[in-house]
Amino acid sequence: MRNAETVLGIIHERGRQGLPLEDVYRQLFNPNLFLLAYGRIYHNKGAMTSGATDETVDGMSVTKINAIIEQLRYERYRWTPVRRVYIEKKNSHKRRPLGIPTWSDKLLQEVMRLILEAYYEPQFSPKSHGFRPKRGCQTALTEIYSKWVGTKWFIEGDIAQCFDSLDHSVLLKLLREKIHDNRFLRLIENLLQAGYLEQWRYNATLSGSPQGAVLSPILSNIYLNKLDQFVENKLIPKYTRGQPIHRAELIHDSVFSIVARYQQEFRGIVEYYRLAFNLHQLNRLKWVMGRSLAQTLAHKLRISVRTVYRRYQTTLQTDSGPRTGLQVMVERGQGQKPLVAKWGGISLSRNMKVILNDSPLTIIGPRTELERRLLADTCELCGSHSDIQVHHVRALKDLQKKGRIPPPYWVQIMAARQRKTLVVCRQCHMDIHAGRIKQRTPTDVKTLESRVLLKA
């Protein structure tokens, strides 16, 4: 069974190359993905909040993961309707609906979210910052500050009730363009149509994805990505002159660094498409980047573009013969060669002998501490290896109850470790909830010392 890092790395690479995602439903049989998902969401506040049933993260076990996988294997998994509650919006008296799924549904949705995020993330627009890893308001403001220099008009828009208004048929059509696996798509469709309970009365969901669902943000981003593509590829070119402009974020770099960066970026694009038969069409990109480089240097040095060419233009010696380009030299101390940054001289001829590095990208770190403790398959109270589960508490402060009675042994362990989790066997877990845990070794577990005393 492949580990989660390898699986998601392969899926990420297929997304980066724009290849379709096939036979992805089988990846839901991988327990390593469920362990990774568990490590991602167990500490969320909502993990201890029950949905339409009493099930929460408390009592999580490998057995539960295997039970979910077994239902998925025979396509018997059924989504439970979410429990709908209403919460107040920030800075408003209005309230918005929030759907609370059961713990098993949350866990499976997180596995599916990991797969969809790994595949679609490299395809999303770099100008999109909502509900994406390592992106948010701060990255959006940083881009505005560094790249939107001279912007005079801002258009603000808001999609009212975005999650609630997603058209199921349109969303599934968009997913089918890239995902060629009917079982996986059927699982998503059943999730969208699972319905919700409001005041314990069932209601069907004819459109939208429920607020609070783990999968809703990535589904909305897939839906809105079409809008991003339309704006960037059609609206902006249609209503923009399309002339190369300077890059304001590089103004404070040195001339050497600016020239070197343009050359590195263009070289990276050329090498990526080195096997393409029409590689020569990148001549247009070369012209655009060359003009942008000249304008960036002109803005930095406060000179004209013509002066930039007079100052830095030279003849570069390449394997294909002399080529015209730009060159910047930085002199160093005696006995050291000067640093040289060049723009141009990169061949656009096709190379059929180029070596490709297809090793999968590692996008996930090592296992979390909780995953390792669960996989150890050992009760941290009695040492048993039977039916191991995880006991959860909402917060550490819940363990610190006032009074003179000393806390139970399991509370002392969690408080000393500063952990909200404790890996225990089923019997110890039941004893914890019943208030029967008093010592580490249960009476039915005989130690070597006790056996010697009995023989005596």
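Refer to the preceding data block for the structure.
A short tour of the structure in this document, coming up.

Conventions adopted
For every chain, the first residue of the written sequence is number 1, and numbering continues from 1 onward in sequence order. Restriction of local features to residues with pLDDT of at least 70 applies here, the model being predicted, together with a cutoff of 80 or more for giving and counting side-chain atom pairs; totals for whole chains, interfaces and linings are based on all residues. For side-chain calculations, the full set of non-hydrogen atoms in the structure is used, while hydrogens and water are omitted. The rule is simple: put a 1 Å grid over the protein atoms alone, call a set of points where a 1.4 Å probe fits but cannot get out a cavity, call an open set with protein on both sides within 12 Å along at least five of seven lines a pocket, and count a residue as lining if it has an atom within 4 Å of a point. Grid points are joined across faces, edges and corners, and a volume is the space filled by probe spheres set on the points. Counting from the N terminus, the helices are DSSP H or I runs at least four residues long and the strands are E runs at least two residues long. Each residue is assigned to one class: nonpolar for Ala, Val, Leu, Ile, Met, Phe, Trp, Tyr, Cys and Pro, charged for Asp, Glu, Lys and Arg, and polar for all the others, Gly among them. Any pair of Phe, Tyr and Trp rings, taking the six-membered ring for Trp, is counted once the centres come within 6.5 Å. Such a pair is stacked with planes under 30 degrees apart, edge-to-face with planes over 60 apart, and tilted for the rest. A simple rule labels every residue: compare its accessible area, found with a 1.4 Å probe on the protein chains alone, to the largest value its type can have, and call it buried under 20%, exposed over 50%, or partly exposed in between. Here the rule is simple: two strands pair whenever DSSP picks up at least two bridges between them. Only the stretch in contact is used when a helix axis is fitted, and all axes are lines through C-alpha atoms; the angle between N-to-C directions ranges over 0 to 180 degrees.

### Comments concerning empty space enclosed by the protein
Line of reasoning, step 1. Enumeration over the complete set of coordinates arrives at two cavities of 30 Å³ or more.
Line of reasoning, step 2. Each pocket or cavity is described by its volume, and for the largest cavity that value is around 70 Å³.
Line of reasoning, step 3. Lining the largest cavity, in full, are Trp79, Thr80, Val82, Pro101, Asp105, Gln109, Leu191, Leu192, Ala194, Gly195, Thr205 and Pro210.
Line of reasoning, step 4. Listed by contribution, the elements that provide at least two residues to the lining of the largest cavity are helix 4 (103-120) and helix 7 (182-192).
Line of reasoning, step 5. Among the residues forming the lining of the largest cavity, the class breakdown is seven nonpolar, four polar and one charged.
Line of reasoning, step 6. Volume-wise, the second largest cavity comes out at about 30 Å³.
Line of reasoning, step 7. What lines the second largest cavity is Arg84, Pro97, Leu98, Gly99, Asp164, Pro210 and Gln211.
Line of reasoning, step 8. Looking at the lining of the second largest cavity element by element, the count peaks at three residues for strand 4 (residues 95-100).
Line of reasoning, step 9. Here the lining of the second largest cavity is built from residues that sort into three nonpolar, two polar and two charged.

### Brief notes about the packing of aromatic side chains
Line of reasoning, step 1. Overall, the coordinates contain 11 aromatic pairs when judged by the stated rule.
Line of reasoning, step 2. When the centroid spacing of 5.7 Å and the interplanar angle of 90 degrees are considered together, the rings of Tyr25 and Phe29 count as edge-to-face.
Line of reasoning, step 3. Judged by its relative accessible area of 2%, Tyr25 falls in the buried class.
Line of reasoning, step 4. For Phe29, a relative accessible area of 10% gives the class buried.
Line of reasoning, step 5. Ring plane angle 80 degrees and centroid distance 6.2 Å describe the contact between Tyr38 and Trp103, whose orientation is recorded as edge-to-face. Of the two residues, Tyr38 sits in helix 2 (residues 31-41) while Trp103 sits in helix 4, which places them 65 residues apart along the sequence.
Line of reasoning, step 6. Tyr38 gets classed as buried once you look at its relative accessible area, which sits at 0%.

### Observations concerning the sheet that holds strand 7 (residues 201-203)
Line of reasoning, step 1. In space, the four strands of this open sheet follow the order 4-3-6-7, with mixed pairing throughout. The open sheet is flanked by strand 4 and strand 7, the only strands paired with a single partner. Neighbouring strand axes in the sheet, compared pairwise and without regard to direction, differ in orientation by 45 degrees on average.
Line of reasoning, step 2. Where strand 3 (residues 82-88) and strand 4 come together, six bridges link them in antiparallel fashion. Each bridged residue has a counterpart across the sheet, and for Arg83 the counterpart in strand 4 is Ile100.

### Considering the layout of surface pockets
Line of reasoning, step 1. Estimated volume of the second largest pocket: approximately 450 Å³.
Line of reasoning, step 2. Every residue lining the second largest pocket is counted, 19 residues in all, and those nearest its centre are Asp398, Leu399, Lys401, Pro408 and Val411.
Line of reasoning, step 3. Counting residues per element, the ones that place at least two in the lining of the second largest pocket are strand 11 (388-392) and helix 13 (409-417).
Line of reasoning, step 4. Of all the elements, helix 13 adds the most residues to the lining of the second largest pocket, at three residues.
Line of reasoning, step 5. The residue makeup of the lining of the second largest pocket, split by class, is 11 nonpolar, four polar and four charged.

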